Amino acid sequence: MTTPVHIHGSRRRRTVRRLAAGVLSLTLLVSVQTATAGTTPADTSTAATTITIDAKQPGSRLPSDFVGLSYEMRELSAACTTNDCVGNFDARNGNLVNLYKTLGVSNVRISGNQLDRDTLWVPAGQQPPNPLPDWVKDVVTPADIARLGTFLKATGWKAEVGVNLVHYDPALAADEARTLFADLGQRLSGAECGNEPEHYVSNGYRTAPYGFAEHKAEWEACAAVVGSSRIAAPDLSSPGSTASWFSQFAQAEQDRINMLTVHNYTGATTVTQLLSPQVHDSELSIVAPQLATAQSVHVPIRVDETNSAVSGGLAGVSDVYASALWAMDYNLVMAQAGFAGLNFHGGFGVCGAPLFNGKFQRYTPICAADEADRQAKIYTVGPEYYGLYMATRMGPGTFVPVSVSSDRNVTAYAVRGDDGRTRIAVIEKDGTSGAAVPVTINVGPRGGSAQVLRLTGDSLDSAAGVAVQGASVDRGGHLRTGRPDHARVHDGTIDLTVASGSAAIITLDR
């Protein structure tokens, strides 16, 4: 977990310059009547939101694998001391394959605090020590990796998988690395040596001083037995205080890794904060030094553990419709800035129930409705899942530069897709009780039509009614959306309305 960012200030008029490449020039004019977040009465005043898209300047890619997921190492284990492990990532049982395929093809990271704290690797043909060391709570074996490999093949996803660095055993680390590369092959996006080493002293794993220099020696020993440059690191959290450590690591180890990784959580405590311009801006600013470092050494960077709030999220914030709008926006703003991907942390426990360690994971995109479903590996989705889904509908492609001037809580993005279509996302983050938002989109000298896909919910502070084009995820893990709305392009202009507290993706015909 990371230290939450400081949230300050009030809603303010702002102009945001977003740079991206594309071949389209258009102006989006949005007149907004809206409400404040949650159940606050609507503000009925009207103000103009102007969004201008300038295709003349190059911008960043929105990769097909940008929207990822993250889990603790325990979720991989079929054997743990609490006797409630079921061996997840199972392609032969349950509906998880379909839930992943609904999101597209991406990256799942399996590591987390439990990697270093309590996970023991046991090679094939060996039995776990009897008795187990006191620190061991979970056992991961080659059978777990083989099951993961089958799952990745069925979904088309890739995985980052961790190696225990706190309780480091070179023989076990080498055996796990050989297994990962042999069983996962090219579907292993990177091995990870350890997790959040800046907390090793506070967690009692190491004695002070322990910083970059001490970690470098331990990490390099692990990297040596992994024996490949397909390594994701350094998995530091608290980005505001570890930027120097991150930079030193990147400069020293850039030739040993293929991906830089950092963790961050918003720290929001209310729906209003989660959807505020301040959080929107801070999501990027807090990790901007890490992004600059990655770009300077020409290594991709993922925020490979992230979500709405620290310590498993908050009831009424992380598990309600507001999280869907936030997740969609968060993915797009970070992709536009140049990050290679985000991995949203979660767990496969029962929705709304404490996990094995007594903590909740309110923010998890995927969870089981009850214990019977958990055992059967039949999962449902939280509101956040729908926001992730909407973000995947925008790419892959290249961002078209956008500037926004607004007194309202509206963000917009445009992507020139690899399929030749341009998609425009409009995210209205005010209360759902506000008046519908009239939108005029000037798309230049053209006619034709556009399709409109909508994300809606009953209320920002409720999980009820969250849907994409009127549809929700079924028990089989599919999302069969209704037909998109159609909008006419007349003399280069599209007129439509966007509900307050909703999002829309407008796809132009080629």
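It should be noted that the structure appears before, not after, this text.
In short, a report on the structure. (Residues numbered from 1 in each chain as written. Predicted model: local features only at pLDDT ≥ 70, side-chain atom pairs only at ≥ 80, totals over all residues. Heavy atoms only, no water.)

Let's talk about the overall build of the chain
Across its full length, the chain carries twelve helices and 27 strands. Counting only residues that meet the buried cut, the chain has 57% of its 510 residues in that class. In the chain, the share of contacts with a sequence separation of at least 24, taken over all contacts with a separation of at least 6, comes to 78%. With the model as given, the accessible surface of the chain reaches about 18200 Å², and the carbon-plus-sulfur share is 51%. (Helix = DSSP H or I, 4+ residues; strand = E, 2+ residues; numbered from the N terminus. Buried < 20%, exposed > 50% of the residue type's maximum accessible area, 1.4 Å probe, protein only. Contact = heavy atoms within 4.5 Å. Areas by Shrake-Rupley, 256 points an atom, 1.4 Å probe, with all protein chains shown as cover.)

Topic: the environment of Ser323
Secondary-structure assignment places Ser323 in helix 10 (residues 321–337). Ser323 sits 49 residues away from Leu274 along the chain, and the two C-alpha atoms are 7.8 Å apart. Within the structure, Ser323 has its side chain in polar contact with the backbone oxygen of Val320 (distance 2.7 Å). (Polar contact = N/O pair within 3.5 Å; in protein donor to acceptor, adjacent residues only side chain to side chain.)

Some details on the packing of helix 6 (residues 243–253) against helix 9 (residues 288–297)
Contact geometry for helix 6 and helix 9: axes closest at 10 Å, N-to-C directions at 10 degrees. With respect to helix 9, the axis of helix 6 lies roughly parallel. On helix 9, the residues touching Ala243, Phe246, Ser247, Ala250 and Gln251 of helix 6 are Pro289, Gln290, Thr293, Ser296 and Val297. Of the residues that constitute the contact of helix 6 with helix 9, the class distribution is five nonpolar, five polar and no charged. (Axes fitted to C-alpha atoms, helices over the stretch in contact; angles between N-to-C directions. Parallel < 35°, antiparallel > 145°, perpendicular 65-115°, else oblique. Nonpolar A, V, L, I, M, F, W, Y, C, P; charged D, E, K, R; others polar.)

Overview of unusual backbone geometry
Negative phi is the rule for most residues except glycine; trans is the rule for most peptide bonds. That bond from Ala208 to Pro209 is cis: its omega, 0 degrees, falls within 30 degrees of zero. Mapped onto the fold, Pro209 is located in the loop between strand 11 (188–193) and helix 5 (212–226). Cis geometry is found at the peptide bond from Ala233 to Pro234, where omega equals 5 degrees. Tracing the backbone shows Pro234 in strand 12 (residues 232–236).

A few points about the state of the cysteines
Using the criterion set out here, one finds two disulfides in the structure. Covalent S-S linkage joins Cys193 and Cys222, the inter-sulfur distance amounting to 2.1 Å. Across the S-S bond of Cys193 and Cys222 the torsion is about -75 degrees, and the bridge reads as left-handed. Linking Cys193 in strand 11 with Cys222 in helix 5, this pair joins segments that are 29 residues apart in sequence. Judged by its relative accessible area of 0%, Cys222 is buried. (Disulfide = S-S within 2.5 Å.)

Focus on the nonpolar core
Counting residues in each nonpolar core, the largest one holds 109 residues, and the members touching the most others are Leu69, Phe89, Tyr100, Val108, Leu260, Ile366 and Leu455. Looking at this core element by element, the count peaks at twelve residues for helix 10. Here Leu455 is in contact with Tyr321, Ala324, Leu325, Met328, Tyr386, Gly387, Met390, Val466, Ala467, Val468, Ser502 and Ala503, once residues within four sequence places are set aside. (Core = buried A, V, L, I, M, F, W, Y, C linked by side-chain atoms within 4.5 Å.)

Things to note about the sheet that holds strand 6 (residues 79–80)
Adjacent strands of a sheet form backbone hydrogen bonds with each other and so pair up, either parallel or antiparallel. Taking strand neighbours across the sheet as the criterion, the three strands line up as 6-9-8 in an open arrangement whose pairing is mixed. Because the sheet does not close on itself, it has two edges, and the strands there are strand 6 and strand 8 (119–121). Both strand 6 and strand 9 (residues 138–140) contribute to a ladder of two bridges, which runs antiparallel. Across the sheet, residue Ala79 finds its bridge partner in strand 9, namely Val139. (Pairing = 2+ DSSP bridges.)

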